[in-house]
Amino acid sequence: MRLWARLLRRRLPTSLWGRALLIIVLPIALMQVAVTWAFFEAHWETVTARLSEGLAGDVAWAVDSYLDDPSPAHLAEITEQAQIMQLSVALREGSTLPTRDRPAFFVALDRSLDRALSVRLDPQPFWFDTTRYPNHVEIQVQVDAGVLRFIAPRERAFATRGHIFILWLGGATVLLTAIAILFIRNQVRAIERLADAAEAFGRGEDDVAFKPHGAREVRQAALAFLDMRERIQRHIDQRTALLASVSHDLRTPLTRLKLELALADPSSSTQAMSNDLSEMEHMIDEYLAFAQGEAGEVAEAIRVEDLCEAVALNAQRAGAEVTLDLEPGLTITGRANGLRRALANLVDNAASHGRTVQISSRTVSDAVLEIVVEDDGPGLSPDLYEEAFKPFSRLDEARNQNRKGVGLGLAIARDIARAHGGDVELSGSDLGGLRAALCLPRQRRVDQP
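Residues numbered from 1 in each chain as written. Predicted model: local features only at pLDDT ≥ 70, side-chain atom pairs only at ≥ 80, totals over all residues. Heavy atoms only, no water.

(A) Quick peek at the overall build of the protein chain. Within the protein chain, the regular secondary structure consists of 11 helices and 11 strands. Looking at the 449 residues of the protein chain, the share that counts as buried comes to 38%. Taking the intrachain contacts of the protein chain between residues at least 6 apart in sequence as the baseline, contacts between residues at least 24 apart amount to 65%. Carbon and sulfur atoms form 57% of the exposed surface of the protein chain, whose accessible area is close to 26200 Å². (Helix = DSSP H or I, 4+ residues; strand = E, 2+ residues; numbered from the N terminus. Buried < 20%, exposed > 50% of the residue type's maximum accessible area, 1.4 Å probe, protein only. Contact = heavy atoms within 4.5 Å. Areas by Shrake-Rupley, 256 points an atom, 1.4 Å probe, with all protein chains shown as cover.)

Structural data, given as structure tokens:
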């Protein structure tokens, strides 16, 4: 039982659109099937059986009358009387019954007539055809002189209006299904738009065209999402403003200290103090970059080759040895400064722990591409990969990571990648060090204000 339930669950649609349509359409279809079955079982077959019995009775009367007096004159009288019953009678002298049957599409039609003729004509052999003529039924009965051939209107044997009921029933089913599809699609579209707006906000985009609509519950969820988006955006703005203010306030005393050191006599102490001030300034810049992220930047089309070459050139100017292995023609949609910052952080992290850095790009699938940064440094233990992405995590024992910074390089890179619908993944490099893969979607919708 559980196996069948599991198999049925796998075959059921997984989308809300499919399930809602199934909930509406399946009961309608079952109801129509039940009504159709009840109609044919309780009404149509009963009426057809009565009509077939009436026709069989008239044929049996004609056959019995002919057998009582097979003279031509009597046959002419029978033919004349049969015409009153809408029955055509003719004698084919010396003929025999056909050997091939032509069954009707609806077997119930032949079965009903066959049952009635078998009861009425026993023991006379007979044959009938309900398919040769569109509006008539042919019946042949074997007699001593040959074959008595009867032609009767089709409505004398069957209830011919049953198909009209089926057409009306089918038309009503199609109409109700179409109405259900329109209403369900309208409700599902509201949920899809809400999901798109939430996904766009998760990528850092602002879908200003989104407005709550649909059912009351869907509108309530949309309004709750808008309130949540506003609160989160307000929190982000407050955090950015706070850290910007802190950065500005700290830069003023740092500038004064730099000026005093510049006026002081050079010594080992002043040099050490100057190094500490440079480190503090770099820490403040990283704090601010982590807080600001990529706010205010508009998404645009970016060539991966140009992005990687620009980052590699900056790293080479800083003294790093960088090689490129890029797949041509790759483009992505995103924020150029943010992606450049993420890739630069990965390259700087690799350059600070290895002698050689390799940047490569490749297509992973139709929708995903990778920008890979590898180094020949000491690498990281696999159990520390997730730890490396935590803000302010230094991992000094493993790689003395971010020796100049505060442990925000990989955290900022992953934050930017996820804001673009991608991620950063770490693994071992063929060069012997660490491999950081910046995974990004090749195509995605861009909503610009």
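(B) Representation of the sheet that holds strand E2 (residues 126-129). The strand order across the open sheet formed by four strands is E1-E4-E3-E2, and the pairing between neighbours is antiparallel. Each of the sheet's edge strands pairs with one partner strand only, and the pair in question is strand E1 (88-93) and E2. When strand polarity is set aside, the average angle formed by the axes of neighbouring strands in this sheet is 20 degrees. (Pairing = 2+ DSSP bridges. Axes fitted to C-alpha atoms, helices over the stretch in contact; angles between N-to-C directions.)

(C) Geometry of the environment of Leu-169. Looking at the element boundaries, Leu-169 is found in helix H5 (residues 162-202). Along the primary structure Leu-169 and Gln-32 are separated by 137 residues, whereas in three dimensions their C-alpha atoms are 7.1 Å apart. Setting aside its immediate chain neighbours within four residues, Leu-169 contacts Gln-32 and Thr-36.

(D) Just the nonpolar core, in detail. Core analysis: the largest hydrophobic core is formed by 40 residues, its most contacted members being Leu-343, Leu-346, Val-347, Ile-359, Ile-371, Val-373 and Leu-426. At the level of elements, helix H8 (304-317), helix H9 (336-351), strand E8 (356-363), strand E9 (368-375), helix H10 (385-388), helix H11 (409-419), strand E10 (423-428) and strand E11 (434-441) are the ones that each hand at least two residues to this core. Once residues within four sequence positions are removed from consideration, Leu-346 is found in contact with Val-373, Leu-410, Ala-413, Val-424, Ala-436 and Leu-438. (Core = buried A, V, L, I, M, F, W, Y, C linked by side-chain atoms within 4.5 Å.)

(E) Local environment of the side chain of Arg-156. Considering the arrangement of structural elements, one finds Arg-156 in the loop between strand E4 (146-153) and H5. For Arg-156, a relative accessible area of 16% gives the class buried. A polar side-chain atom of Arg-156 sits 2.6 Å from the main-chain carbonyl oxygen of Met-85. For Arg-156, the residues in contact, after removing those within four places along its chain, are Leu-51, Ser-52, Gly-54, Leu-55, Asp-58, Met-85 and Gln-86. (Polar contact = N/O pair within 3.5 Å; in protein donor to acceptor, adjacent residues only side chain to side chain.)

(F) Up close: the pattern of salt bridges. One pass over the structure, following the stated rule, counts 15 salt bridges. With a shortest N-O distance of 3.0 Å, Glu-138 and Arg-149 are connected by a salt bridge. Separated by 11 residues along the polypeptide, Glu-138 in strand E3 (residues 136-143) and Arg-149 in strand E4 bring together distant segments of the chain. Here Glu-138 and Arg-149 have matching classes, each one buried. For the salt bridge of Arg-418 with Asp-423, the shortest nitrogen-to-oxygen distance reads 3.3 Å. On the basis of relative accessible area, Arg-418 is assigned to the partly exposed category, the value being 45%. Taken together, the shared-partner salt bridges in this structure form one network comprising Glu-386, Arg-414, Arg-418 and Asp-423. (Salt bridge = Lys/Arg side-chain N within 4 Å of Asp/Glu carboxyl O.)

(G) Layout of the packing of H8 against H9. Axis separation between H8 and H9 bottoms out at 10 Å; the angle between their running directions is 50 degrees. The angle between the axes of H8 and H9 places the two elements in the oblique class. The crossing of H8 and H9 is right-handed. Contacts between H8 and H9 involve Leu-307, Cys-308, Val-311 and Ala-315 from the first element and Ala-336, Leu-339, Arg-340, Leu-343, Ala-344 and Val-347 from the second. Taken together, the residues that form the contact of H8 with H9 break down as nine nonpolar, no polar and one charged. (Parallel < 35°, antiparallel > 145°, perpendicular 65-115°, else oblique. Left-handed = near helix turned anticlockwise from the far one by under 90°. Nonpolar A, V, L, I, M, F, W, Y, C, P; charged D, E, K, R; others polar.)

(H) A look at the sheet that holds E8. What the five strands build is an open sheet, ordered E6-E8-E9-E11-E10; its pairing is mixed. Strands with a single pairing partner mark the edges of an open sheet, and in this sheet they are strand E6 (321-325) and E10. Direction aside, neighbouring strands of the sheet carry axes that sit 20 degrees apart on average. As paired strands, E6 and E8 are joined by five bridges and run parallel to one another. Bridging from a neighbouring strand, Leu-324 pairs with Ile-359 of E8. In the packing of H8 onto the sheet, the strands contacted are E6, E8 and E9, and the crossing angle to E6 comes to about 165 degrees.

(I) Molecular detail of helix H3 (residues 72-84). Here H3 contains 13 residues, and its C-alpha end-to-end distance of 19 Å stays within 8% of the 18 Å for a straight helix at 1.5 Å per residue. Considered for burial, the residues of H3 that qualify are His-74, Leu-75, Ile-78, Thr-79 and Ala-82. Projected onto a plane normal to the axis of H3, the buried residues spread over an arc of 145 degrees and lie on a single side. Away from its buried face, by an angle of more than 90 degrees, H3 presents the exposed residues Ala-73, Glu-80, Gln-83 and Ile-84. Gln-86 occupies a position one or two residues after H3 and carries a positive phi of about 60 degrees. (Expected span 1.5 Å × (residues − 1). Arc of directions from axis to C-beta.)

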